[in-house]
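Observations on the model geometry
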Amino acid sequence: MAVAKKQKTKQKLHVKKGDIVMVISGKNAGKTGKIIASQPQKNKVVVEKVNMIKRHTKPSKALPQGGIIEREAPIHVSNVMLYCSECKSVTKRSIEFRGEGKVRVCKKCGYTLPDKKK
């Protein structure tokens, strides 16, 4: 009897690629960095210079020597929070309709959060 695999649905994340976030829990709590990749199917994000791991790699054309490579590992999205550079703290975002359309705004200070399209 075949067992059907559970389909994972794509979740909408509260942060996106290019945002500055702060890790709020885990071994990297308190570190800030830019999101360089997001994985909505797994509810994970990869943050620059946070959660560094070492990978032992075999020699390849790209890396003929092989060796130990240090790179970022994904973190669960619930462990990161949007960081406002204006009020220097973590914050939630709200959406306001302004002249240029929908913009993301810091709930604490009202600062317009930078968008990756700019």
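Residues numbered from 1 in each chain as written. Predicted model: local features only at pLDDT ≥ 70, side-chain atom pairs only at ≥ 80, totals over all residues. Heavy atoms only, no water.

It is worth spelling out the sheet that holds strand β3 (residues 44–47) at this point. Read across the sheet, 6 strands follow the order β6-β3-β2-β1-β7-β8 without closing on themselves; strand pairing throughout is antiparallel. The open sheet has two edge strands, β6 (75–76) and β8 (89–90), and neither has a second partner. Here 2 bridges tie strand β7 (residues 80–84) to β8, and the two strands are oriented antiparallel to one another. When the sheet's bridge partners are listed, Tyr-83 is paired in β8 with Val-90. (Pairing = 2+ DSSP bridges. Helix = DSSP H or I, 4+ residues; strand = E, 2+ residues; numbered from the N terminus.)

In this section: the pairing of β3. Pairing analysis gives 4 bridges linking strand β2 (residues 32–39) to β3, with the strands arranged antiparallel. Residue Ser-38 lies in a different strand from β3, and its bridge partner there is Val-45. Counting the residues in the hairpin turn of β2 and β3 gives 4 residues, including Asn-43, whose phi is positive at 60°. As judged from the 2 bridges shared by β3 and β6, these two strands associate in the antiparallel manner. Within β6, the position partnered with Lys-44 by the bridge is His-76.

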